[in-house]
Every structure is written in structure tokens, then in C-alpha cells.
Amino acid sequence: MAPPADGESISLLGPLSLDIYLDRDLVLPGGGALNMAWHWRRAGLPFELLSRVGDDRPGVFGAFLARHRIPHSSELVAPGSSSSIDIVIRPDLQPRMDNFVEGVWSTFALTPVEETRLRAGRRLHMVLVEGAIRELDRLLATGALAGLELPAHVEGGHPRHGEGATDYPDAVGLATDSGGSFVAPADSLARLRKT
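All of these numbers come straight from a predicted model, not from anything done at the bench.

Novice: Got a minute to help me understand the environment of Leu34 in this structure?
Specialist: Among the structural elements, Leu34 can be located in helix α1 (residues 32-43). In this structure the C-alpha to C-alpha distance between Leu34 and Leu13, which are 21 residues apart in sequence, comes to 9.7 Å. Once residues lying within four places of it in the same chain are set aside, the contact partners of Leu34 are Pro15, Leu16, Pro29, Phe64, Leu65 and Ile70.

Now the structure itself:
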């Protein structure tokens, strides 16, 4: 599916991962950004998914994205391994997730084409994990986010807590919801950065 027209779109940036269900011999497409993309597509929001998957198993993601008509960058597949996480379903039917492997997200950066599309939109929504945080720092340093709204969702909860806590702890004071999302103009995040 083609991305929405410039000026009306939201760019959704975050990792896609292989969800490896160890006790069920099952591998499914997953990741916070993919979950959001699925819901946004069902809600009819105009967006484009900006992410990377490895060339080791791109079909796991490609089939899902095509089946659900999720608009995504044409630069989705990169050389290397996809991000992955091991999942075990506990007796209480809650998942236990462990052993996250960044894969291609360890070197993730938007391409010049993706940056151009990003600037043509009005908003960037990020799922804040380490790779996305590194890219956020790079984009802020280059001024690529000037004038964009920047809502974000922190994987694993609150931006002040847990593994991969962000370097933007004061962003929570701007506007948060119970799911860990916060909203700030991109220009102000540079001032929030911990020194």
C-alpha cells in the first residue's frame, strides 16, 4: 500500500521484531511499531511505517504488511538479521519476554528518501527503544525534526523506568498517558536531553 500524501501523514518509526515463541515452535511478526501500525490501519489513520527488518526472514513481515495493507517505506529490508525476542507463555497465560536482539536496529538510520518524506509530513511518532533513541538523537542534531510534532511511546512502560530508559526523563512532564506515551514539539526535546 502506498504511503499517504505529503502534509497529511504521520511517520511511525520503531522496530519490528521476530516474536519467537520458544515453547510453541512458532515465529510471528511483532514489535511495538507493528502493533501500532495494525491498529492505526484499522482506524484509517494516514501514516507510513518507517522501520527495518533483516534480509534473513523478510517474508514473515512482508506477508503481514501486505495482508493488512500497512503502508511502509520501500527501504524496509536491510542486510543482516531481523530484531528478535524470545517469548514463553507462562502458566497464567501471560508472556515472558527475554533476550531481545537488536539485529538491523543496531545500526538503524533513516535513508535520505525517508528523511525527505518525514519532513513532508506533520508528525513523527516513535516507539522509543535504543535504536530509535539513537536515531532520535541523530535527527535532532541535524535539525531534521524542526517543526514536526513528536509523540512517542516508550516500550516497556514509563520513560523514567526499566531497561532502555530514555535520556529524556523530563519529557514525561510535558504530557503523558498511562501507556507511557508523551507528546512534545521536536525542537523542545533537544533542551530536555540529559547532560
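There is more to say, and it comes next.
Novice: Can you walk me through the sheet that holds strand β7 (residues 83-89) in this structure?
Specialist: Pairing within the open sheet is mixed, and its four strands lie in the order β3-β2-β7-β8. Single-partner strands in this sheet number two, and they are β3 (26-30) and β8 (95-101). The mean inter-strand angle of the sheet, taken between neighbouring strand axes irrespective of direction, is 25 degrees. As defined by bridge partners, strand β2 (residues 17-21) adjoins β7 across five bridges and the pair is classed as parallel. Across the sheet, Ser17 pairs through a bridge with Ser83, a residue of β7. Strands β2 and β3 of the sheet are contacted by helix α2 (residues 58-67), whose axis makes an angle of about 55 degrees with β3.

Novice: Hey, could you run me through the side chain of Ser82 in this one?
Specialist: As for its position among the elements, Ser82 is in the loop between β6 (77-78) and β7. Look at Ser82 and you get buried, because its relative accessible area is 4%. Apart from the residues within four sequence positions on either side, Ser82 is in contact with Leu18, Val53, Gly54, Asp56, Phe61 and Gly103.

Novice: Teacher, can you tell me more about the packing of aromatic side chains here?
Specialist: Where two aromatic rings form a pair, the distance of their centres and the angle of their planes describe that pair. In this structure the tally under the stated criterion is two aromatic pairs. Seen in terms of ring centroids, Trp40 and Phe47 are 5.6 Å apart; in terms of plane orientation they differ by 80 degrees. Their pairing is edge-to-face. Across the pair, exposure class does not vary: Trp40 and Phe47 are buried alike. Residues Trp105 and Phe108 carry aromatic rings whose centres are separated by 4.0 Å and whose planes lie at 20 degrees to one another, so their mutual orientation is stacked. Taking relative accessible area as the criterion, Trp105 reaches 1% and is therefore assigned buried.

Novice: Explanation requested: unusual backbone geometry in the structure shown.
Specialist: Peptide bonds are, in most cases, trans, and in most cases residues other than glycine have a negative phi. Phi is positive for Asp25, close to 50 degrees, though the residue is something other than glycine. Secondary-structure assignment places Asp25 in the loop between β2 and β3. At Leu93, a position not held by glycine, the phi torsion is positive, near 70 degrees. Overall, Leu93 belongs to the exposed group, its relative accessible area being 63%.

Novice: I keep staring at α1 and nothing clicks. Help me out?
Specialist: Because an α-helix packs 3.6 residues into every turn, residues spaced three or four apart end up facing the same way. Helix length check: α1, at 12 residues, gives a terminal C-alpha distance of 17 Å against a target of 16 Å (1.5 Å per residue), a fit within 8%. Among the residues making up α1, those that are buried are Gly32, Ala33, Leu34, Met36, Ala37 and Trp40. Downstream of α1 by one or two residues, Gly44 has phi in the positive range, about 80 degrees.

Novice: Mind showing me how you'd approach the nonpolar core here?
Specialist: Among the nonpolar cores identified, the biggest contains 21 residues, and Leu13, Leu110, Leu118, Leu124, Met126, Leu136 and Leu145 are the most heavily contacted of them. For this core, the secondary-structure elements that each account for two or more residues are β9 (123-128) and α4 (130-142). In contact with Leu118, other than residues within four places in its own chain, are Ser11, Leu110, Leu124, Leu139, Leu145 and Leu148.

Thresholds, definitions, all that
Residues numbered from 1 in each chain as written. Predicted model: local features only at pLDDT ≥ 70, side-chain atom pairs only at ≥ 80, totals over all residues. Heavy atoms only, no water. Helix = DSSP H or I, 4+ residues; strand = E, 2+ residues; numbered from the N terminus. Contact = heavy atoms within 4.5 Å. Pairing = 2+ DSSP bridges. Axes fitted to C-alpha atoms, helices over the stretch in contact; angles between N-to-C directions. Buried < 20%, exposed > 50% of the residue type's maximum accessible area, 1.4 Å probe, protein only. Phe/Tyr/Trp six-rings, centres within 6.5 Å; stacked < 30°, edge-to-face > 60°. Expected span 1.5 Å × (residues − 1). Core = buried A, V, L, I, M, F, W, Y, C linked by side-chain atoms within 4.5 Å.

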